[in-house]
Amino acid sequence: MARKLSSDKWLFVATLVLLCTSVVMVYSASALVALERYQQPYLFVTRQLMWACLGVAVLSIVMRID
Amino acid sequence: MVVLLIAVLFARPINNARRWIGIGGFGIQPSELAKLAAIIFTALVLERRRHRINEVGYSLLPIGVIVGGLVGLIMLEPDFGTSVSLLAVIGAMVFAAGFSYRYLFGALLLALPALYVILMQADYRRRRLLTFMDPWADPLGDGFQIIQSLIAVGTGGVFGKGLMAGVQKLFYLPEPFTDFIFAVISEETGLIGASVVVLCFCVIGWRGLRTSMRAPDAFGAYLALGITLMLVLQAFFNISVVLGLVPTKGIPLPLVSNGGSSMLMNLLAVGVLLNISQHQQMETGAA
């Protein structure tokens with residue numbers, strides 16, 4: 001991997017901004033519903049965070065394979 | 001033809017489960033996988049057969065059979081919004097490959113009566129359409145969702161009420177953290193937050209199309225176009241639903257709505273897009 005690959009920075013940043021918005025807003029929007037229905041306010045946001053991390057991992061793998 | 005196998009593999013559970021299949025407590029939405037598979041497959045066929053694109057039997061038959069089958073299965077779930085957006089993306093890809101607009105226009109005309117029948121035959125779709133025409137006809141029943149959504153967007157103002165301070169999400173809005181998350185964003189972060197989200201999707205659209213145009217080969221170009229359109233079209237539809245501009249459909253906001261498999265597949269798709277964009281940089285650097 002000597003060659004330096006540069007991917008589209010704008011695209012990457014926009015995606016990350018949306019992801020962060022997603023985690024914050026899902027927490028804000030779901031906390032009370034989750035508390036009411038499942039007695040766990042962090043239920044949805046932890047799942048969302050897990051999927052987001054998994055997704056970013058998959059993204060970086062897919063980015064590197066040809 | 002690995003993609004074809006993948007498509008068939010993923011198509012099967014759609015019939016058994018309605019929209020989601022549960023795996024270890026997590027809901028997986030097969031239509032998310034099917035969407036990406038259909039786009040990859042179409043890009044592949046278009047690259048191989050684009051030299052004779054206007055021979056319908058040669059170039060379009062495989063796409064029609066596979067995509068038609070997938071859309072049919074998604075339709076059975078039933079998930080009308082996803083089916084239509086997938087068809088729109090595939091149509092745009094085929095058009096970009098140089099397929100004559102006469103055929104596409106003709107196909108669209110032929111599809112209209114079918115669309116009408118599908119819309120009117122399911123009771124809830126007809127009601128949603130009527131609700132869209134006049135939400136205030138039944139403010140506590142059918143119009144409830146869209147009115148609550150508009151209230152959320154409107155009361156947010158320019159700066160919003162602040163995080164966690166929104167009221168509409170507290171059991172007024174349906175699905176506040178999935179399909180209607182944009183309404184919550186508008187209420188709590190105001191016009192500014194909502195604009196940031198819209199701007200992000202514009203950036204994705206702009207850079208995605210740029211990637212498509214500069215892709216080193218036809219496959220990359222069609223694939224980038226399909227992925228970009230999939231993300232941007234869905235965002236467009238979702239935000240339109242929240243703002244009451246189109247009838248209510250169950251389309252999540254890509255990359256933002258709560259939902260594991262859709263999140264994962266969309267990020268995977270962005271990864272593919274980023275991958276294609278790397279090669280374009282290299283090409284221009286070498287040339």
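Each residue is numbered by its place in its chain's sequence as written, counting from 1. Each chain is given a letter, starting from A, and each ligand a number, starting from 1, according to the order in which they appear as written. Confidence filtering applies because this is a predicted model: local features only for residues at pLDDT of at least 70, side-chain atom pairs given and counted only at 80 or more, and all residues used for totals across whole chains, interfaces and linings.

Asks: Give me the lowdown on the overall build of chain A, citing residues and values where you can.
Replies: Runs of E in the DSSP output that reach at least two residues are strands. Runs of H or I that reach at least four are helices, and both are numbered from the N terminus. Check the secondary structure of chain A and you find two helices and zero strands. Compactness check: chain A gives a C-alpha radius of gyration of 16 Å against a globular reference of 11 Å for 66 residues, more than 25% above the reference. When the backbone C-alpha atoms are referred to their principal axes, chain A occupies close to 55 × 20 × 15 Å. Counting over 66 residues, chain A shows a buried share of 33%. Throughout, the radius of gyration refers to the C-alpha atoms, and the reference size of a globule is 2.2 Å times the residue count to the power 0.38. Exposure classification rests on a simple neighbour count of other C-beta atoms within 10 Å of a residue's own: a residue reaching 20 or more is buried, one at 12 or fewer is exposed, and one in between is partly exposed. C-beta atoms are placed from the backbone.

Asks: Quick rundown of the overall build of chain B? Include the residues and the values.
Replies: Secondary structure assignment for chain B yields 10 helices and two strands. Order of helices (α) and strands (β) in chain B, N terminus to C terminus: α-β-β-α-α-α-α-α-α-α-α-α. Going through the 287 residues of chain B one by one, you find that 46% of them count as buried. It is the C-beta atoms, placed from the backbone, that decide contacts: two residues are in contact if theirs lie within 7 Å. Sequence separation of at least 24 residues holds for 67% of the intrachain contacts in chain B that already meet a minimum separation of 6.

Asks: How would you sum up the interface of chain B and chain A? Please name residues and give values.
Replies: Chain B puts 35 residues into the contact, and the matching count from chain A is 34 residues. Contributing elements (two or more residues each) for the side of chain B that touches chain A: helix H8 (181-214) and helix H10 (260-286) of chain B. If you tally residues by element for the side of chain B that touches chain A, the top one is H10 of chain B, at 15 residues. Charged means Asp, Glu, Lys or Arg here, nonpolar means Ala, Val, Leu, Ile, Met, Phe, Trp, Tyr, Cys or Pro, and polar covers whatever is left, Gly included. Grouping the amino acids of the side of chain B that touches chain A by side-chain chemistry returns 23 nonpolar, nine polar and three charged.

Asks: Tell me what's going on with the nonpolar core, and back it up with residues and numbers.
Replies: As used here, a nonpolar core is made of buried Ala, Val, Leu, Ile, Met, Phe, Trp, Tyr and Cys residues. They are joined through C-beta atoms within 7 Å. Grouped together as the largest cluster of nonpolar side chains are 83 residues, with contacts concentrated most on Ala38, Ile181 and Phe182 of chain B. With 14 residues, helix H9 (residues 218-242) of chain B is the largest single contributor of residues to this core.

Asks: Which residues make up helix H7 (residues 144-156) of chain B, and what values do they have?
Replies: Residue and element names in this part refer to chain B. In a helix, the anticipated span is given by 1.5 Å times the number of residues less one. An ideal rise of 1.5 Å per residue puts 18 Å on 13 residues; H7 measures up with 18 Å between its terminal C-alpha atoms. Within H7 the residues assigned to the buried category are Gln145, Ile146, Gln148, Ser149, Ala152, Val153 and Gly156. Looking down the long axis of H7, one finds its buried residues gathered within 165° of arc, a one-sided arrangement. Positioned one or two residues after H7, Gly157 has a phi angle of 65°, which is positive. It is the directions from the helix axis to the C-beta atoms that the arc portrays.

Asks: Account for the confidence of the model for chain B, with residues named and values stated.
Replies: All names here are of chain B. In the predicted model, chain B carries a mean pLDDT of 76, and the fraction of residues at 70 or more is 79%. Note on residues 1-17: pLDDT is under 50 here. Beyond four places in sequence and across chains, it has 31 contacts. pLDDT is defined as a per-residue confidence score from the predictor, taking values between 0 and 100. A low-confidence stretch, residues 22-26 stays under pLDDT 50, and its non-local contacts, those more than four residues away or across chains, total three contacts. Listed scores for the predicted complex are pTM 0.80 and ipTM 0.81.

Asks: Just give me the short version of the environment of Gln40 of chain A, but keep the residues and values in it.
Replies: Summarising the element assignment, Gln40 of chain A is placed in the loop between helix H1 (9-38) and helix H2 (43-64). Gln40 of chain A gets classed as exposed once you count the C-beta atoms within 10 Å, which come to 11.

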